[in-house]
Amino acid sequence: MGVALEAAPYVDTGKVDHPPSASRVASAPFLLLVAVGAGLSAVSVPMLATMVFPGFGAAPMVWCTCLLFVQAMLCVGCCCAHVAHRLLGVRAQVCVLAAALIISTVTLPFAVPAWSEPRGPAPVLWLLLVLTAVAGAPLSAVGMAGSLVVGWHCGTGGGTGPGGGVRLCVAGATGGMLALMAYPFVIEPMAEPVGQAGWWSAGYAVFAVLTLVCGWIAGFRIPGCRLSPTAPSARRVSSERRARRLFLAFVPSALVPAATGGVQAGSAPAFTAGLVLFAAGMAAMAASIPISRARVVERCLTAAAVCSMVLPWTMYVAGWRAPFAALPLTVAVVGLSGLVCYALLAGDLRDSSHLSEFLLVVSLGGALGAAFSVVAGPMVFGCDAALPVAVTALAILPLLGDRRADTGVPVRWPGGTALVKAVVMGGPLVAVGVYLTLGEAWLVVVVMMGCLPWCVLAVRRPQVMATGAALTTAVLLWYQIPDDAVRERTLFGAYQVHPDNGWRVLSDGTTLHGYQYPSGPQRTTPVSYYGRPGPLGDLFTAYGDHSARLAVVGLGTGVVAAYGRPGQRMDFYEADPAQVDIATERFTYLTDSSAAITLIGGDPRRRLAQRPAGAYGMVVVDAFTTATPPLHLLTRQALETFARALKPGGVLAFHLTNPHVDLVPSLVATARAAGLTTLVGYGQADAGRVYQASAWVAAARGAADLTALAAGTGRWQAPATDGSVRTDAHPGLFTSSR
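These figures come from a predicted structure and were not determined experimentally. (Residues numbered from 1 in each chain as written. Predicted model: local features only at pLDDT ≥ 70, side-chain atom pairs only at ≥ 80, totals over all residues. Heavy atoms only, no water.)

1. A word on the pairing of strand 6 (residues 511-516)
The side chains of a regular strand alternate, first on one face of the sheet and then on the other. Put simply, the test is: Only protein chains enter the area calculation, which uses a 1.4 Å probe; residues under 20% of their type maximum are buried, those over 50% are exposed, and those in between are partly exposed. Starting at the N terminus, helices and strands are each numbered in turn, a helix being any DSSP run of H or I of at least four residues and a strand any DSSP run of E of at least two. Two strands form a pair only when DSSP identifies at least two bridges running between them.
Along strand 6, five of the six residues are buried, which leaves the element largely enclosed by surrounding structure. Inspection of the sheet shows strand 5 (residues 503-508) paired to strand 6 by five bridges, in the antiparallel sense. Within strand 6, the residue paired with V505 across the bridge is Y515.

Quick look at the structure:
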């Protein structure tokens, strides 16, 4: 599909001659402004995620929702800029933008309101509302200024050349990437959220000053310069070209949050994965713009399209069989797709005659892509289908390239040597070989026999390639969802309840949360990580008889209720309504328990803080988002809240099982900082897999309170080492260790 070249932006300079040196000097503040604005926008994602962390936790969807919010606000700003660009002159634009910057400072510095606690049936939408109240106005002003500056830059003569707009894009992508990478290494370790908000406000002040300087240069220093977006020589942009731009912006923006949600097998903390993937997208943008005319883009385009048929299955296999490879694989996918899509957009930008509209369409595509992965995908598919669907969209990219006059093929096979072809074609075979060593050989044979012919045929026929990719993803979605499975995705996790070898299993992504015998007398037996011959069984043996009332933070299958005894009362604190529905409708631990069960919704920390001191003899913290407990339940402030709810002699129990992230050392150090003594207990898996290996930490006000536990089975030992202390200000959202 060819793209007709359009006229360059019409610039009426009033016959003012601008020598090249003057243009370079005039361009400097514009480039700096774009870099600072992109840095503020990029760093606001981890900063806002950290600020809402105490109330919403560190689930992947929290990060993805913050990313969606920032992109949506930038889109709103671009929309306002486009309207101003069409209706107002440069001087009027400067005045309107200055007023917007001043008014938006009312919400600075950022502060999460007291009413932000998750509520209602749609926590994602509620979080978006909270973020809008916190940072909506400043981020919209940043987006508006960034879009208007492009037009001003053209008016000063700095953007009329072939690379004027490209230089601005490179500056923005570089500034955003550097600011994003500085957050976990400089900003987060050195400043608490309040301090980070102050730093952001200072950066916003610098941005506002640069905006006024650029406005003065464009509208007052060179009064004869103006950009006329409706000049008669400028062609109208076709609907086909707008759709092309929209799709090219949609794909990488959809992949970043989809991949963040897909890498929730526990191989890395959610915020770490989100930061790495976001940085990969920014790096791809910065690298793609200078090479947008290079032949390497054509090769990457075909490689990405071929991978669209293979990667959905490969990523699914890696998530289950080799979770350590999930993050590098998704980073490669995000980088490749970003490189291709942004390079094609940059090539279009060089010939664009409607720059404000171009930025509006691109920002709208980015917002729609994030909205698909965060909101629309889970609603439409009811499962983690956003990632394979977004990867499948890569197969459409060759249809958007320039057709070859001799063959009519959108993109030729990359390279001309057998070596390049073998490397690209060997990707599916390598993935299949890895799967072959891990089991299910029958599936490997089918995939091996199908992938190679498809790839050979699809390389020369992109329509066939797109069809094959769609069929591959459809088969994957059908394969991974059993007929009798229940799947639901919320802000806190992606849940699946399904039968497996006679068990009813609850999982979140690739993380097993528990299971139950569906019928018979064994259905009341606590299994998986919670068996009686394990650490939790030791805790209830030592303290269960002395605790008339217990608190359990996190519901899961409700298996802890199996330890309930007549006359006891168990209060289960669960923030996710979907989890409550699963535990009450799909499992029977709660109804079969001998104890009186009470379910309490809302954030567990806030609810326990509202309880009178000394209300419980034991508090069991068993909450998980994917494979990791919510980190806001493991900070020093959280432990102090839990300890306050304990009676004298009471015990806290933390479930910390995770095959990839060792949380025990940091919790031991945090408990010591909170004035608590700890013991660590490890459970072993049995041959029949009725019980799973588990890690638990018991904490109490004094060593004497843990004597009964230490003198029991010998499973509990004093911790050998400790790690860093987690606090609400420094929760360690971007660190991982094992």
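2. Here's the deal with the packing of aromatic side chains
This is how the line gets drawn: Side-chain rings of Phe, Tyr and Trp (the six-membered ring for Trp) are treated as a pair once their centres are within 6.5 Å; stacked means planes under 30 degrees apart, edge-to-face means over 60, and tilted covers the remaining angles.
Tallying each qualifying case throughout the model produces twelve aromatic pairs. Considering the side-chain rings of Y204 and F207, the 6.4 Å spacing of their centres and the 25 degrees angle between planes classify their relative orientation as stacked. Here Y204 and its partner F207 are both found in helix 6 (residues 193-221), three residues apart, which amounts to about one turn of the helix. As far as burial versus exposure is concerned, Y204 and F207 are alike and both buried. Ring centres 6.4 Å apart and planes at 45 degrees place the aromatic pair F642 and F654 in the tilted group. With a gap of twelve residues between them, F642 in helix 20 (residues 636-644) and F654 in strand 11 (residues 646-655) connect regions that are remote in the sequence. Judged by relative accessible area, which is 0%, F642 ranks as buried. Members of the aromatic cluster, joined through ring pairs, are F110, W200, Y204 and F207.

3. A closer look at the pattern of salt bridges
For clarity, the threshold we go by: The term salt bridge refers to a pairing of a side-chain nitrogen on Lys or Arg with a carboxyl oxygen on Asp or Glu at a separation within 4 Å.
Scanning the entire structure with this criterion turns up seven salt bridges. Residues D538 and R715 are paired through a salt bridge, measuring 2.8 Å at the closest nitrogen-oxygen approach. Highlighted residues: D538 in helix 16 (residues 535-543) and R715 in the loop between helix 22 (707-710) and strand 14 (716-717), separated in sequence by 177 residues. A relative accessible area of 9% places D538 in the buried class. For R715, a relative accessible area of 25% puts it in the partly exposed group. Linking E640 and R636 is a salt bridge whose minimum nitrogen-to-oxygen distance equals 3.2 Å. Taken together, the positions of E640 and R636, both in helix 20 and four residues apart, correspond to about one turn of that helix.

4. Topic: the sheet that holds strand 9 (residues 596-601)
What counts, and what does not: The contact criterion used throughout is that any non-hydrogen atoms of two residues lie within 4.5 Å. Convention adopted: a line fitted to C-alpha atoms gives each axis, helices being fitted over their contacting stretch, and angles between N-to-C directions are expressed from 0 to 180 degrees.
Strand order in this open sheet of eight strands is 9-8-7-10-11-13-12-14, and the pairing throughout is mixed. Strand pairing shows two members of the sheet lacking a second neighbour, strand 9 and strand 14, which therefore form its edges. As judged from the four bridges shared by strand 7 (residues 549-553) and strand 10 (residues 616-621), these two strands associate in the parallel manner. In the sheet register, V552 faces strand 10, and the bridge partner there is V620. Across the sheet, helix 21 (residues 664-673) lies against strand 11, strand 12 (677-683) and strand 13 (694-700), angled at about 160 degrees from strand 12, the strand it touches most.

5. Observations regarding empty space enclosed by the protein
The method is simple in principle: a probe with the dimensions of a water molecule rolls over the atoms, and the space it marks as empty is what remains. To keep things clear, this is the line we draw: The rule is simple: put a 1 Å grid over the protein atoms alone, call a set of points where a 1.4 Å probe fits but cannot get out a cavity, call an open set with protein on both sides within 12 Å along at least five of seven lines a pocket, and count a residue as lining if it has an atom within 4 Å of a point. Grid points are joined across faces, edges and corners, and a volume is the space filled by probe spheres set on the points. Each residue gets one label: Ala, Val, Leu, Ile, Met, Phe, Trp, Tyr, Cys and Pro are nonpolar, Asp, Glu, Lys and Arg are charged, and the others, such as Gly, are polar.
Here the structure, examined in full by the defined rule, presents eight cavities of 30 Å³ or more. Taken as a whole, the largest cavity holds about 1,100 Å³ of empty space. Forming the walls of the largest cavity are 41 residues, and the residues nearest its centre are A38, L74, M285, L359 and V362. Elements with a minimum of two residues in the lining of the largest cavity: helix 1 (20-56), helix 2 (60-87), helix 4 (123-155), helix 5 (164-190), helix 7 (239-262), helix 8 (270-288), helix 10 (326-349) and helix 11 (355-381). By residue class, the composition of the lining of the largest cavity is 29 nonpolar, twelve polar and no charged.

6. Things to note about the nonpolar core
One recurring pattern in soluble globular proteins: nonpolar side chains tend to sit buried together. Counted only if it meets this: Residues grouped as a nonpolar core are buried Ala, Val, Leu, Ile, Met, Phe, Trp, Tyr and Cys residues, joined through side-chain atoms within 4.5 Å.
One finds L48, F110, W152 and F654 to be the most contacted residues of the largest nonpolar core, which totals 147 residues. Ranked by residue count, the leading element in this core is helix 4, at 17 residues. Apart from the residues within four sequence positions on either side, F654 is in contact with V621, L633, L634, L639, F642, L667, A695, W696 and V697. Membership of the second largest hydrophobic core comes to 37 residues, among which are L550, V552, L679 and W696.

7. A short note on the side chain of S104
Mapping S104 onto the fold places it in helix 3 (residues 90-104). Those residues in contact with S104 that sit more than four places away from it in its chain are A137, P138, A141 and Y204.

8. Looking at helix 17 (residues 577-585)
The test is simple: Starting at the helix axis, one direction is taken to each C-beta atom, and the arc is that of these directions.
Among all positions of helix 17, only A578, Q579, I582 and A583 are buried. Along helix 17, the residues classed as buried sweep out an arc of 135 degrees about the axis, all on the same side. If you follow the buried residues of helix 17, they end up packed against strand 3 (486-489), strand 4 (494-500), strand 5, strand 8 (569-574) and helix 18 (589-592).

9. Here we look at the environment of A542
By secondary structure assignment, the location of A542 is in helix 16. In this structure, A542 is in contact with A708 and L709, ignoring residues within four places of it in sequence.

10. Quick notes on the sheet that holds strand 6
Pairing in this open sheet of four strands is antiparallel, and the strands run 3-4-5-6 from one edge to the other. Both edges of this open sheet fall to strand 3 and strand 6, since each of them pairs with a single strand only. For this sheet the average axis-to-axis angle between neighbouring strands, irrespective of direction, equals 20 degrees. Relative to strand 5, strand 4 runs antiparallel, the two being bridged by six bridges. Bridging across to strand 5, Q496 finds its partner in S507. Those strands touched by helix 17 are strand 3, strand 4 and strand 5, and its axis lies near 15 degrees from that of strand 4.

11. Description of a nonpolar patch on the surface
The following threshold applies: Two distance rules govern patches: like charges are joined within 9 Å, and nonpolar side chains (Val, Leu, Ile, Met, Phe, Trp, Tyr) within 5 Å, applied only to residues with over 30% relative accessible area and no salt bridge. All accessible areas in this document rest on Shrake-Rupley with a 1.4 Å probe, and a residue is counted as covered only by the protein chains that are shown.
Side chains of M181, F185, V186, M190 and W199 sit close together on the surface and give an oily, nonpolar patch of about 550 Å² of accessible area. Take the nonpolar patch: its biggest share by element is four residues, from helix 5. With respect to the element layout, M190 can be found in helix 5. For M190, a relative accessible area of 60% puts it in the exposed group.

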